[in-house]
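Residue strings, one per chain:
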Amino acid sequence: MPAGQPTKFNKKLAATILERIARGEFLRAICRDEGMPNRGTVRNWCLNDQEFFNQYTRARDLGFDEKAEEALEIAATPVKAIKLTQKTDADGKKTQEMVVTDAVDRSRLHFDAIRWGLGKWSKRYSDKADIEEEKDDDVLKEYVEALRNSPKTSE
């Protein structure tokens, strides 16, 4: 651990970390900043202080919402890219052509990386449905059973 990194729980520092996490920053990046504790220290705070753990969990949920909004913004915002192509004509003369296009591949990669992370870290953003049937939820059970027993139609 670099000299000068705080290790004792500090409410003001903890509040700063929680606010940054809630804005969508990752703990890894926050802890790289000068004056911030290392990640292990923050995790120890979570293990030793239930109130801080609850606040940390809530901040992460809010941060996931920020990341989800960021992903949607990336998908909706065109990003211009310059594509250079080199052509050779029949005489062997080479020419370059510059075309301004939308950087779809880069935007897709960025979007997919955020979506993948959210799906792994948060049940709310997971692609897998997590339906727990409760004893008093007869309506849902009847609906699911009706869907299972309904005749399949072919198109």
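Owing to the predicted nature of the structure, the values given are computational and were not obtained by experimental measurement.

Judged from the nine bridges that link them, strand S1 (residues 80-88) and strand S2 (residues 94-102) form a sheet pairing that is antiparallel. By the bridge assignment for S2, Thr-85 is matched with Glu-97. Where S1 folds back on S2, the antiparallel hairpin that results is connected by five residues, among which Gly-92 adopts a positive phi of roughly 90°.

The tally for this structure, following the rule as stated, stands at nine salt bridges. Linking Arg-23 and Glu-19 is a salt bridge whose minimum nitrogen-to-oxygen distance equals 3.2 Å. Here Arg-23 falls in the partly exposed class, since its relative accessible area comes to 46%. With relative accessibility at 49%, the residue Glu-19 sits in the partly exposed group. Ionic pairing is found between Glu-70 and Lys-67, a salt bridge with its closest N-O pair at 3.2 Å. With Glu-70 and Lys-67 both in helix H4 (residues 50-76) and three residues apart, the pair spans about one turn of that helix.

A separate point is the packing of helix H1 (residues 11-22) against H4. Their axes nearest at 6 Å, the elements H1 and H4 cross at an angle of 30°. As summarised for this structure, H1 and H4 are arranged roughly parallel, according to the angle between their axes. Between H1 and H4, the residues in contact are Ala-14, Leu-18, Ile-21 and Ala-22 and Phe-52, Gln-55, Tyr-56, Ala-59, Arg-60, Leu-62, Gly-63 and Glu-66, respectively. Among the residues making up the contact of H1 with H4, the classes are represented as eight nonpolar, two polar and two charged.

What follows concerns the environment of Trp-45. Within the secondary structure, Trp-45 sits in helix H3 (residues 39-48). Under the relative-accessibility criterion, Trp-45 is labelled buried at 5%. Here the alpha-carbon distance between Trp-45 and Thr-7, two residues 38 residues apart in the chain, equals 9.1 Å. Look past the residues within four positions of Trp-45 in its chain and what remains in contact with it is Thr-7, Lys-8, Phe-9, Asn-10, Leu-13, Ala-14, Ile-17, Pro-37 and Phe-52.

Nonpolar side chains collect at one region of the surface, where Ile-82, Leu-84, Met-98 and Val-100 lie side by side and expose about 450 Å² of accessible area between them. Those elements that provide at least two residues to the nonpolar patch are S1 and S2. Position of Ile-82 relative to the elements: it lies in strand S1. Looking at Ile-82, the relative accessible area reads 58%, which means it is exposed.

Turning next to the nonpolar core. Within the largest apolar cluster, 16 residues are counted, with the highest numbers of intra-cluster contacts made by Ile-17, Ile-21, Leu-27, Val-42, Trp-45, Phe-52 and Tyr-56. With six residues, the top contributor of residues to this core is H1. Counting residues in hydrophobic clusters, the runner-up holds six residues, among them Phe-64, Ala-68, Ala-71 and Ile-114.

Further remarks concern helix H5 (residues 104-121). Compared with an ideal rise of 1.5 Å per residue, which puts 18 residues at 26 Å, H5 spans 26 Å between its outermost C-alpha atoms and is within 8% of the ideal. Buried within H5 we find Ser-107, Ile-114, Gly-117 and Leu-118. Take H5 and look down its axis: the buried residues cluster within an arc of 105°, on one side only. What points out from H5, more than 90 degrees from its buried face, is the exposed set Asp-105, Leu-109, Trp-116 and Lys-120. Those residues of H5 hidden inside the fold are in contact with H4.

Criteria and cut-off values
Residues numbered from 1 in each chain as written. Predicted model: local features only at pLDDT ≥ 70, side-chain atom pairs only at ≥ 80, totals over all residues. Heavy atoms only, no water. Pairing = 2+ DSSP bridges. Helix = DSSP H or I, 4+ residues; strand = E, 2+ residues; numbered from the N terminus. Salt bridge = Lys/Arg side-chain N within 4 Å of Asp/Glu carboxyl O. Buried < 20%, exposed > 50% of the residue type's maximum accessible area, 1.4 Å probe, protein only. Axes fitted to C-alpha atoms, helices over the stretch in contact; angles between N-to-C directions. Parallel < 35°, antiparallel > 145°, perpendicular 65-115°, else oblique. Contact = heavy atoms within 4.5 Å. Nonpolar A, V, L, I, M, F, W, Y, C, P; charged D, E, K, R; others polar. Patch = residues over 30% accessible without salt bridge, like charges linked within 9 Å, V, L, I, M, F, W, Y side chains within 5 Å. Areas by Shrake-Rupley, 256 points an atom, 1.4 Å probe, with all protein chains shown as cover. Core = buried A, V, L, I, M, F, W, Y, C linked by side-chain atoms within 4.5 Å. Expected span 1.5 Å × (residues − 1). Arc of directions from axis to C-beta.

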